[in-house]
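# Residue-level structural notes
Residues per chain, in single letters:
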Amino acid sequence: MTERFDFLVLGSGVAGLSFALRAAEHGTVAVVTKKASVESNTNYAQGGIAAVMDGSDSFEQHIADTLEAGAGLCDPEVVAFVVREGPARIRELMAFGARFSRENGRLHLGREGGHSAHRIVHAADATGREVERALLANVRAHPNIRVFEYHFALELITEHHLGQHVSRLRPDIHCFGAYVLDERNDVVKTFLAKSTLLATGGSGQVYLHTTNPAIATGDGVAMAYRAKARIANMEFVQFHPTSLYHPEADSFLISEAVRGEGALLYNQAGERFMPRYDPRAELAPRDIVARAIDDQLKQRGEDYVLLDISHRPAGHIRAHFPNIYETCLRYGIDITREPIPVVPAAHYQCGGVLTDAYGRTSIAGLFACGEVACTGLHGANRLASNSLLEALVFSHRALEPAVEYARGTGWREDIPPWDDSGTVRPQEWVLVSHNRDELRRVMWDYVGIVRSTLRLERAERRTRLLYEETEDFYRRSRVSTGLCELRNMIAVAYLIIRSARMRRESRGLHYMLDYPEPVEAECRPTLV
Ligand code: FAD
Ligand code: SIN
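Residues numbered from 1 in each chain as written. Chains lettered and ligands numbered in written order. Predicted model: local features only at pLDDT ≥ 70, side-chain atom pairs only at ≥ 80, totals over all residues. Heavy atoms only, no water.

### Some remarks on unusual backbone geometry
- Despite not being glycine, Asn104 has its phi angle at roughly 50 degrees, a positive value.
- Of note, Asn104 is situated in the loop between strand S4 (102-103) and strand S5 (106-107).
- When its relative accessible area of 76% is taken as the criterion, Asn104 is described as exposed.
- For Tyr150, which is not a glycine, the phi torsion comes out positive at approximately 50 degrees. (Helix = DSSP H or I, 4+ residues; strand = E, 2+ residues; numbered from the N terminus. Buried < 20%, exposed > 50% of the residue type's maximum accessible area, 1.4 Å probe, protein only.)

### Points about the site of ligand 1
- Not every one of the 37 residues close to ligand 1 is listed here, only the nearest: Thr42, Gly48, Ala153, Glu371 and Ser387.
- Contacts to ligand 1 include Val14, whose backbone N or O atom sits 3.2 Å from an oxygen atom.
- Interatomic distance of 2.7 Å between a side-chain N/O atom of Glu371 and an oxygen atom of ligand 1.
- When the free accessible area of ligand 1 is taken as 1000 Å², the share hidden by the protein chains comes to 98%.
- Those elements that place two or more of their residues in the shell around ligand 1 are helix H1 (14-23), strand S9 (151-157), strand S16 (340-349) and helix H11 (386-397).
- Tallied by class, the residues present in the shell around ligand 1 amount to 12 nonpolar, 20 polar and 5 charged. (Near = heavy atom within 4 Å. Polar contact = N/O pair within 3.5 Å; in protein donor to acceptor, adjacent residues only side chain to side chain. Areas by Shrake-Rupley, 256 points an atom, 1.4 Å probe, with all protein chains shown as cover. Nonpolar A, V, L, I, M, F, W, Y, C, P; charged D, E, K, R; others polar.)

### Topic: the packing of H11 against helix H12 (residues 399-407)
- In the contact formed by H11 and H12, the axes pass within 4 Å of each other and the chain directions differ by 35 degrees. Residues Ser395, His396 and Arg397 of H11 lie in contact with H12, whose contacting residues are Leu399, Glu400 and Pro401.
- For the contact of H11 with H12, the per-class residue count stands at 2 nonpolar, 2 polar and 2 charged. (Axes fitted to C-alpha atoms, helices over the stretch in contact; angles between N-to-C directions. Contact = heavy atoms within 4.5 Å.)

### With respect to H1
- The buried fraction of H1 is high, at 10 of 10 residues.
- Here H1 has its buried residues at Val14, Ala15, Gly16, Leu17, Ser18, Phe19, Ala20, Leu21, Arg22 and Ala23.

### Some remarks on the site of ligand 2
- The environment of ligand 2 is made up of Gln46, Gly47, Glu112, His240, Leu253, Ser255, Glu256, Arg286, His347, Arg382, Ala384 and Ser385.
- In the environment of ligand 2, an oxygen atom lies 2.7 Å from a nitrogen or oxygen atom belonging to the side chain of His347.
- Measuring from an oxygen atom of ligand 2, one finds a side-chain N or O atom of Arg382 at 2.7 Å.
- For the shell around ligand 2, the residue count by class is 2 nonpolar, 6 polar and 4 charged.

### A look at the pairing of S9
- Counting buried residues in S9 gives 7 out of 7 residues, a clear majority hidden from the surface.
- Alignment of S9 against strand S10 (residues 177-182), held across 6 bridges, turns out to be antiparallel. Residue Leu156 lies in a different strand from S10, and its bridge partner there is Ala178. (Pairing = 2+ DSSP bridges.)

### Structural notes on the pairing of strand S11 (residues 187-198)
- Counting buried positions over the 12 residues of S11 gives 11, a clear majority of the element.
- Sheet topology note: the strand S1 (residues 2-10)/S11 ladder contains 8 bridges and is parallel. Along S11, the bridge assignment pairs Val9 with Leu197.
- Of the strand pairs in this sheet, S10 and S11 are connected by 6 bridges, and their pairing is antiparallel. Counted as the bridge partner of Gly177 is Leu192 from S11.
- Hairpin geometry of S10 and S11 is characterised by an intervening segment of 4 residues between the two adjacent antiparallel strands and by a positive phi of about 50 degrees at Asp186.

Here's what the structure looks like:
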């Protein structure tokens, strides 16, 4: 079965939805998403969106904070236009109906680690839910947009599917759409598109502990890599310092905004440890806070540290953090009276599919924005709340080239249907769950917050075995979401390990025991 649209959008988070709304003014749009539309990292974003919205703040300060967090690897031009275009994108979101927290009639601006000013626009502590709600309501009402839920994108279609040899060195690869598994009808459809936007988000599920929901399996980076797009900076995985530690909680995030409102970190002996690691203490950038916690846990042999906001008035805590307050209470922790046990967890993929300043990838007709993309904004470490901002700015900037490309091209009508000859319905499902668990543990143990050459070598050996076994199984099996996600997670793990091995220094989020200092000669993006 073949579907034809002017624009194909893969993913229904902030990047995909805000692009879809703009593209729909220029043609027909398909939004393909692998679960219910709302399921995305966006929906779980808590702290907010960084933007200069107040006269006491300045673009220069936001730019300087972003560059400092990025540890020498940000593209300064990208940082400058993202920061400067931020306020206009926030106003557009409000015009789409997003309602943000206000105080005395003005936007209430929160503060987070690494920011020198209060500049986080937020909807209490559930900003992403509000952004997703507003965008989805507009998307559902738009006559030019069709949303395909429970549709899993398998592969980007390029010249490779026309039987041609495609290599990463070939400068003229084109994207003609994607093969997509309709999960409910168990059939693979061909989606033909003039312009395709990859907005599939991040890959936190590659790690055993993550703040990301189940959808974050790195499918976009893996598909783009297989299609021979350029991928950059995959070694820079951001670990959020404060994820709830509780046997029944599935890595629930305790927002950095809680530290912004004065919460302090203690070890289990009751010692406040952050001032020993950085003069900014609890408000240091999150790589520093995550490493300090990791160090405390390893030194003291403990499973968690404590985050305490209970010295602030109870009414203030409940008003600012209703979602965190309610969730912790469900687990028996009253944050207005007692500290919260927390641990670091994988949170954000700073690298991804390499794009230019307009979201163009190295494949013609393929654009990328949001967490799947590496635009040059984050460098070696993302500043808190800069990712929703990046997605909004780049989905806006990608519109013009995507429309222009679509105008100059037609649908490719000679694309063969998905070939599943020689495959059968798999019997041995245990391989998928076993290999997935093993991969996530290997990544957590050997490619985590603190790395070394020895640990990376171990991870590489084990990942290669998982790859060979999984590929052999894949070649014989009918496609399914679970198996394809595993393949994609293995591809992303391989890219993280390979990029980490290429970077023989410590910079930003990439900390190597055997190369503990930054090296000037290594200060350039890692390209695969
Ligand atoms: P997502 O929102 O993740 O959307 C990706 C979409 O692609 C989903 O709909 C998914 O189902 C779909 N998809 C994936 N693979 C496929 C496939 N193969 N086929 C079809 N569909 C597919 N950032 C901030 O700036 N501020 C914050 O306060 C903040 N808080 C956060 C809190 C949490 C708990 C988490 C997890 C992240 C937070 N982040 C925050 C990061 C931010 O939420 C994400 O980086 C951002 O939302 C990514 O948006 P996106 O549109 O690129 O991807
Ligand atoms: C948080 O609320 O701490 C998350 C902010 C972010 O990831 O940018």
